Amino acid sequence: MRHITDLPPGHSLRLNRRPARAGELAIVGLLVLAFIGALGVLAALVPVGHGFVPKGGGWFTPAVADGAFTLHPLLIAVPSAACFVLGLLDWRHPWRIEHLDLLALAGFFPVAMLLSDDFSAAGLWLAAVCLGWLFARMLGAAFGAWRMPELRPSISSRWLGLAILILLLARIGSVAAGNILDVGQASSLGAWRLLHGLHLYGAASWPGSGGFQVYRPDSYGPFAYYAYIPFAAIFPPAPALLATLLPAMCFDVLTLAGLYKLGRRLGGPPLAQAFMFAYLIYPFPDLSLMAQTNDALIAALCVWTIVVAAERPVARGLLMAAVALTKFLPALLALQFLGVRRGRWRYALTLVVALAAMLAWPLITSGPAQFLDSTLGYQLIQRGGGVQFSIWTYLPHMAIAARLILAAALVLLALSPMVRPGVQGAREHAALSAVLLIGAQLLLGYWFYSYLTWCYPLLIIAVIQARPDHEAADTGATSARHDQSSPAPLASISGGRLPAR
């Protein structure tokens, strides 16, 4: 009889590791089950309330805000959370720190449910914790304190294309169940006013067709209206359904196309598919599409800025001017890309000229004072004193000093690439851009989870890696072989390709 001591060393090591590995997988499986089960309990036992009650009054029913996702969370939100977690969980390496990143992203599922259940304080604090973790992780990754994360789809590359197709069909089907919010209506109606030579800023409400009114529609930057001009011109009267739905769909498709193009550049088709899968499986960008908001416009502009950052400074300047004059806080990214040395002066000149051109009509027709009062004045001062619906609502005495300190820190972070050459590759730039957008959301006095659409594509670029085409059937055997051989090449560690620098 052959004794176990006569077996090859790798085989005996596999025998020792299998029970331990089975126990690890069981623990991780129980943790995932507990998370999904807790969401199910929250969805089943806590009744849906009015939801989203900000300081100073006003509320939006869950049916209006995001439809069945929060109105029937047990049927929609909980299965979506399960698909998201299981779709990006690495069962072969269950104790990776990247799974905390996955948990932070999944934490916004209970955030949405808590806000719709009238537990806004708990929801906003949980959102701040999740945003804070992602902020710290991306900051460390951008400046080399932590290695760049490598979260991979759990689905093999053989089936990833089919999964993307299914998710695309689900995304298309969700549009039919969507509903229009005042955000998209305001952008569409503003585009209609531009086409008729009317001013953008200075009115408490704008009249639409059939006596329709949009309250405070002039609080966005001018590019939030310019981007809707082609659709408002083709589909009058404003705000027509197609004039808000088609722009939202175009912004979503442009974001997906930018992720695909950048993925192919950084890691070929496998990474491009991984980017697309990660974007489609997370439902919050889809919620922005269903509500027909303009949040995906920021996402598309940021992704394509990363695509052209190193090679086309003029295009980079145009894109950054557009994103800065959409919702203002992403203007931090315009400072960040001053750190790209190639074509820096062309970028800066294009940025200044584009900003001046986009601001010309609002400043001429409404005046600088009215423009500032309707945009920054309303958002930062008039709207609930600047702390209407965020964690600062519950910290009114700390809000002024803490927000000023955070704002100064974000400006310094945005300027840091000019003096610190550590941010070079596309993934590092995406990580720093995500830091700035997440920090801006922590700074806001009014936060809503549709704002995740701004930064989530950047997180995908920084966090997601392609799954290796050929993985060992037994991780223990792989570890044993590595113990007896030379270290693996860097290209194999990074998923088959060297990271872009």
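Conventions and cut-offs
- Residues numbered from 1 in each chain as written.
- Predicted model: local features only at pLDDT ≥ 70, side-chain atom pairs only at ≥ 80, totals over all residues.
- Heavy atoms only, no water.
- Helix = DSSP H or I, 4+ residues; strand = E, 2+ residues; numbered from the N terminus.
- Buried < 20%, exposed > 50% of the residue type's maximum accessible area, 1.4 Å probe, protein only.
- Contact = heavy atoms within 4.5 Å.
- Axes fitted to C-alpha atoms, helices over the stretch in contact; angles between N-to-C directions.
- Parallel < 35°, antiparallel > 145°, perpendicular 65-115°, else oblique.
- Nonpolar A, V, L, I, M, F, W, Y, C, P; charged D, E, K, R; others polar.
- Left-handed = near helix turned anticlockwise from the far one by under 90°.
- Phe/Tyr/Trp six-rings, centres within 6.5 Å; stacked < 30°, edge-to-face > 60°.
- Lys NZ or Arg CZ within 6 Å of the ring centre and 35° of its normal.
- Salt bridge = Lys/Arg side-chain N within 4 Å of Asp/Glu carboxyl O.
- Disulfide = S-S within 2.5 Å.
- Patch = residues over 30% accessible without salt bridge, like charges linked within 9 Å, V, L, I, M, F, W, Y side chains within 5 Å.
- Areas by Shrake-Rupley, 256 points an atom, 1.4 Å probe, with all protein chains shown as cover.

Draft legend 1. Spatial organisation of the overall build of the chain. Secondary structure summary: the chain contains 23 helices and two strands in total. Evaluated residue by residue, the chain yields a buried proportion of 54% over its 501 residues. Taking as baseline every contact in the chain between residues at least 6 positions apart, the subset at least 24 positions apart corresponds to 76%.

Draft legend 2. A look at the environment of valine 48. Turning to its location among the elements, valine 48 is positioned in the loop between α1 (9-45) and α2 (62-66). Not counting the four nearest positions on each side in its chain, valine 48 is found in contact with Pro62, Thr70, Leu71, Pro73, Ser116 and Asp117.

Draft legend 3. The arrangement of the packing of helix α8 (residues 157-176) against helix α12 (residues 241-281) in detail. It is the contact of α8 with α12, at a shortest axis distance of 12 Å, that shows an interaxial angle of 175°. Judged on the interaxial angle alone, α12 and α8 are roughly antiparallel. Contact with α8, carried on its side by Ser157, Leu160, Gly161, Ala163, Ile164, Leu167, Leu168, Arg171 and Val175, involves Leu245, Asp252, Leu256, Gln273, Ala274, Met276, Phe277, Tyr279, Leu280 and Ile281 of α12 and no other residues of that element. Per-class residue counts for the contact of α8 with α12 are 14 nonpolar, three polar and two charged.

Draft legend 4. Examining the packing of helix α14 (residues 295-308) against helix α21 (residues 452-463) more closely. Interhelical geometry of α14 versus α21 gives an angle of 30° and a closest axis separation of 7 Å. Classed by the angle they form, the pair α14 and α21 counts as roughly parallel. Remark: the crossing between α14 and α21 carries right-handed chirality. For the pair α14 and α21, contact is made by Asp295, Ala296, Ile298, Ala299, Cys302, Val303 and Ile306 and by Thr453, Trp454, Pro457, Leu458 and Ile461, respectively.

Draft legend 5. Examining unusual backbone geometry more closely. Here glutamine 292, not a glycine, exhibits a phi torsion of approximately 55°, which is positive. Among the secondary structure elements, glutamine 292 is positioned in the loop between α13 (283-290) and α14. We classify glutamine 292 as buried; its relative accessible area is 4%. Positioned with a positive phi, phenylalanine 328 is a non-glycine residue whose angle comes to about 70°. Overall, phenylalanine 328 belongs to the buried group, its relative accessible area being 17%.

Draft legend 6. Seen up close, the packing of aromatic side chains. Under the counting rule described, the total for this entry stands at 19 aromatic pairs. An angle of 40° between the planes, with centres 6.2 Å apart, marks the rings of tryptophan 133 and tryptophan 146 as tilted. Residue tryptophan 133 is located in helix α7 (residues 120-142), and its partner tryptophan 146 is located in the loop between α7 and α8; the two are separated by 13 residues in the primary sequence. A ring pair is formed by phenylalanine 328 and phenylalanine 371, whose centres lie 6.3 Å apart and whose planes are at 65°; its orientation type is edge-to-face. Of the two residues, phenylalanine 328 sits in the loop between α15 (313-327) and α16 (331-336) while phenylalanine 371 sits in helix α18 (residues 368-382), which places them 43 residues apart along the sequence. Taken together, Phe69, Phe84, Phe109, Tyr282, Phe284, Phe448, Tyr449 and Tyr456 form an aromatic cluster joined through their ring pairs. Positioned over the ring face of tyrosine 347 is arginine 316, at 4.5 Å from the centre of the ring.

Draft legend 7. Examining the pattern of salt bridges more closely. Applying the stated rule across the entire model yields eight salt bridges. Of the charged contacts in the structure, one is a salt bridge between arginine 152 and glutamate 150, with a shortest N-O distance of 3.1 Å. The exposure class of arginine 152 is buried, given its relative accessible area of 12%. On the basis of relative accessible area, glutamate 150 is assigned to the buried category, the value being 14%. The shortest N-O distance in the salt bridge between aspartate 252 and arginine 171 comes to 2.8 Å. With aspartate 252 in helix α12 and arginine 171 in helix α8, the pair connects residues that are 81 residues apart, well separated along the chain. Aspartate 252 gets classed as buried once you look at its relative accessible area, which sits at 7%. Judged by relative accessible area, arginine 171 falls into the buried class, the value being 5%. Within the structure, one salt-bridge network assembled from shared partners comprises Asp90, Arg96, Glu98 and Arg147.

Draft legend 8. Representation of the state of the cysteines. Tallied over the entire structure, the rule returns zero disulfides. Of all cysteine sulfurs, the one in cysteine 455 lies closest to cysteine 302, which takes part in no disulfide; the gap is 9.4 Å. Taking relative accessible area as the criterion, cysteine 302 reaches 2% and is therefore assigned buried.

Draft legend 9. Layout of a nonpolar patch on the surface. Where nonpolar side chains cluster on the molecular surface, the patch consists of Trp159, Leu162, Leu165, Ile166, Leu169 and Ile172 and spans about 640 Å² of accessible area. Residue position: isoleucine 166 is located in helix α8.

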